[in-house]
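So the chains spell out like this:
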Amino acid sequence: MTYAYDPELAAAIPMMPRADVSDLPGARAEMAAGVAAANADVDTTGVEVGRITVPGPEGAPDVVLHTYRPEGVEGPLPLIYDIHGGGFIMGSPELEHGPNVTYAREVGALVVSVDYRLAPEHPFPAGLEDCYAGLVWVAANAAELGADPDRLAVHGWSAGAGLAAAVALLARDRGGPAIRFQFLGIPELDDRLDTPSMRAFTDTPLWNRPNAIISWDSYLGAGVPGTDEVSPYAAPVRAKDLTGLPPTYVSVAHFDPLRDEGIDYARALLEAGVSCELHLFPGTFHGSSLVSYAEISQREAAEAVAVLRRALR
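My aim in this report is to walk through the structure given alongside it, one point at a time. (Residues numbered from 1 in each chain as written. Predicted model: local features only at pLDDT ≥ 70, side-chain atom pairs only at ≥ 80, totals over all residues. Heavy atoms only, no water.)

**Observations regarding the packing of helix α4 (residues 126-140) against helix α6 (residues 159-174)**
Inclusion rule: Working convention: axes come from line fits to C-alpha atoms, limited for helices to the stretch in contact. Angles between N-to-C directions cover 0 to 180 degrees. Strands here mean DSSP runs of E at least two residues long; helices mean DSSP runs of H or I at least four residues long; both are numbered from the N terminus. Each angle receives one of four descriptions, namely roughly parallel if under 35 degrees, roughly antiparallel if over 145, roughly perpendicular if within 65 to 115, and oblique otherwise. Each crossing gets its hand from how the near helix is turned against the far one by less than a right angle, where anticlockwise is left-handed and clockwise is right-handed. The contact definition used throughout considers only heavy atoms, calling two residues in contact when any of these lie within 4.5 Å. Amino acids are sorted into nonpolar (Ala, Val, Leu, Ile, Met, Phe, Trp, Tyr, Cys and Pro), charged (Asp, Glu, Lys and Arg) and polar (every other residue, Gly among them).
Interhelical geometry of α4 versus α6 gives an angle of 60 degrees and a closest axis separation of 10 Å. Between α4 and α6, the angle is such that the two are oblique. Viewed along their axes, α4 and α6 form a crossing whose handedness is right-handed. Listed contacts from α6 to Leu128, Glu129, Cys131, Tyr132 and Leu135 of α4 are Leu163, Ala166, Val167, Leu170, Ala171 and Arg174. Grouping the constituent residues of the contact of α4 with α6 by class yields nine nonpolar, no polar and two charged.

**Here's the deal with the pairing of strand β4 (residues 110-115)**
Quick reminder of the rule: A simple rule labels every residue: compare its accessible area, found with a 1.4 Å probe on the protein chains alone, to the largest value its type can have, and call it buried under 20%, exposed over 50%, or partly exposed in between. For two strands to be treated as a pair, DSSP must find at least two bridges joining them.
For β4, the tally of buried residues reaches five of six residues, placing the bulk of the element in the interior. The pairing of strand β2 (residues 63-70) with β4 spans five bridges and is classified as antiparallel. Bridge pairing in β4 places threonine 67 opposite valine 112. Sheet topology note: the strand β3 (residues 77-83)/β4 ladder contains five bridges and is parallel. Opposite isoleucine 83, over in β4, you have valine 114 as the bridge partner.

**Notes on unusual backbone geometry**
The amide bond that connects alanine 119 to the next residue, proline 120, takes the cis arrangement and shows omega of 0 degrees. In this chain, phenylalanine 124 is followed by proline 125 through a cis amide linkage whose omega measures 10 degrees. One can find proline 125 in the loop between β4 and α4. In this model, phenylalanine 88 sits at a positive phi of 70 degrees, which is unusual for a non-glycine residue. When you line up the elements, phenylalanine 88 lands in the loop between β3 and α3 (97-107). When its relative accessible area of 2% is taken as the criterion, phenylalanine 88 is described as buried.

**Comments concerning α3**
Inspection of α3 places His97, Gly98, Asn100, Val101, Tyr103, Ala104 and Val107 among the buried residues, and these make up the whole buried set. Two residues or fewer past α3, glycine 108 is found with a positive phi of approximately 70 degrees.

**Focus on the nonpolar core**
Rules: Residues grouped as a nonpolar core are buried Ala, Val, Leu, Ile, Met, Phe, Trp, Tyr and Cys residues, joined through side-chain atoms within 4.5 Å.
In terms of nonpolar packing, the biggest core is built from 67 residues, with Tyr81, Ile83, Tyr219 and Tyr265 touching the most fellow members. Looking at which element gives the most residues to this core, the answer is α6, with 11 residues. Contacts of tyrosine 265, omitting those with residues within four sequence positions, involve Ala165, Leu169, Leu184, Leu189, Pro236, Val237, Leu242 and Leu245. The next biggest cluster of nonpolar side chains, apart from the first, holds 36 residues, and it includes Leu9, Tyr68, Ile296 and Val305.

**Observations concerning the sheet that holds strand β8 (residues 276-285)**
If you walk across this open sheet you meet the eight strands as β1-β2-β4-β3-β5-β6-β7-β8, and the pairing is mixed. Across the chains shown, the open sheet's two edge strands, defined by having one partner strand only, are β1 (47-54) and β8. Sheet twist, expressed as the mean angle between neighbouring strand axes with direction ignored, is 20 degrees. Bridge count between strand β5 (residues 147-157) and strand β6 (residues 181-185): five bridges; the pairing is parallel. Bridge pairing links alanine 153 to phenylalanine 181 in β6. Strand contacts of α4: β1, β2, β3, β4 and β5, with the helix running at about 170 degrees to β3, the strand carrying the most contacts. Packed onto the sheet, helix α9 (residues 259-271) meets β6, β7 (248-255) and β8 and runs at close to 150 degrees relative to β7.

**Let's talk about the pairing of β3**
Here is the rule we go by: For a crossover, the right-handed case is the one in which the path from the first strand over the helix to the second runs clockwise, viewed with the strands pointing away from the viewer.
Burial of β3 is extensive: seven of the seven residues sit out of reach of the surface. Of the strand pairs in this sheet, β3 and β5 are connected by six bridges, and their pairing is parallel. Bridging across to β5, leucine 77 finds its partner in alanine 147. Traced from β3 through α3 to β4, the parallel crossover comes out right-handed.

**A few points about the side chain of threonine 284**
Quick reminder of the rule: Counting of polar contacts relies on pairs of N or O atoms within 3.5 Å, with two restrictions inside protein: one atom must be capable of donating a hydrogen and the other of accepting it, and residues adjacent in sequence are counted only when both atoms are side-chain atoms.
Following the sequence through the fold, threonine 284 ends up in strand β8. By relative accessible area, which is 2% here, threonine 284 ends up buried. A polar atom in the side chain of threonine 284 sits 3.1 Å from the backbone nitrogen of histidine 254. Aside from chain neighbours lying at most four places away, what touches threonine 284 is Leu9, Ala253, His254, Phe255 and Ile296.

**Looking at the pattern of salt bridges**
Test applied: Just to be clear on terms, a salt bridge is a Lys or Arg side-chain nitrogen sitting within 4 Å of an Asp or Glu carboxyl oxygen.
This model, assessed by the stated rule, comprises 15 salt bridges. In this structure, aspartate 173 and arginine 172 form a salt bridge, with 2.7 Å as the shortest nitrogen-oxygen distance. By relative accessible area, arginine 172 is classed as partly exposed at 27%. Put simply, arginine 299 and glutamate 295 hold a salt bridge, and the shortest N to O gap is 3.3 Å. On the criterion of helical spacing, the pair formed by arginine 299 and glutamate 295 is a turn pair, its members being four residues apart in helix α10 (residues 295-311).

Okay, here's the thing in C-alpha cells:
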C-alpha cells in the first residue's frame, strides 16, 4: 500500500529497524542495540540519573525504577511516572532515556520510569501490576523523593500509554494515588483489532497489524484477544465507565494501525466528561519520532514538553 508520509520521514524509512516481532528474540536484540546506540549520544547535563528498587506486587519480584532528577531545581518537584513502550513484549526504561532526560530538564520534574515484566513470559496482568505497584510506592514516598504527590502525571508511549491508561483506571477503582494528568502517546488500547486503521495498515514501518496480532496474543494468551474475557484493565478502550479519570492528552500518528483506537478513547473520555486534548500528527507513522531531525518530530517532542509543563505547573 502507498502512504503519503511526511517527506523527511519517508526518506528515513529504509534506515529504520526491521521490527518484526514474529522473531521476538531478534526484535528484542535489534531494539536493545538501537537504544544503546541512541542513548550513547544523550546529554545528561543538569540531570541526576539513578535507580531504586521497590517492593513489587504481592508474591512477585521487586520492581526497579529509573529516576531522573533535575539539578538545581527547588522542590517539591512535580512527578512524571513513565511507562515504556514495546508492544508489551519488548523494551525497558532505557527506551525512554532521552525523552526522560528532556522532561526532567525542561519540565523541571522528577521522572520515574518503571521496569515491568514483559509478555509472553509474564502475561497480563503481571506487567500492569508491576506498573501499579511502582506508582503506589512513588506516591507514598513522594516527600522522601523531594516530589509533590499532588502533581503526579502518568505518561507513556504505545503499549506504555496503554498501560498508563490502565494504571489510571486501577488507581480510580482501587482508591489509589490521585493522578492529576495522563499523557497517552500513540496508545495501544484495543485487543479487538477491528478499527479501520488497524484493518488497513498491514505493512507500515515499525508497527503494523501483523505485529499487533502477536503483541495481543502474547499479552493475553493466544485465542483470548477479541473475546468477552478481556479485561478493560488490559484493553482500556473496553472500559464502560471513564468518569472520574484525570485530564488527558492523546496523540495519534496518521499512518498507524493504533490511530483509530486512540481517537476512540479520546472521544469516549470526552463523552464521560473528562477533559481531553487530541492531536493527530499528519504524515507520521508509529515510532516516526525516532527520526528526531524531522520538523514534524520536533513539533511532537516540543508539544510533549509543553503539555506536561502546563499540566503540572
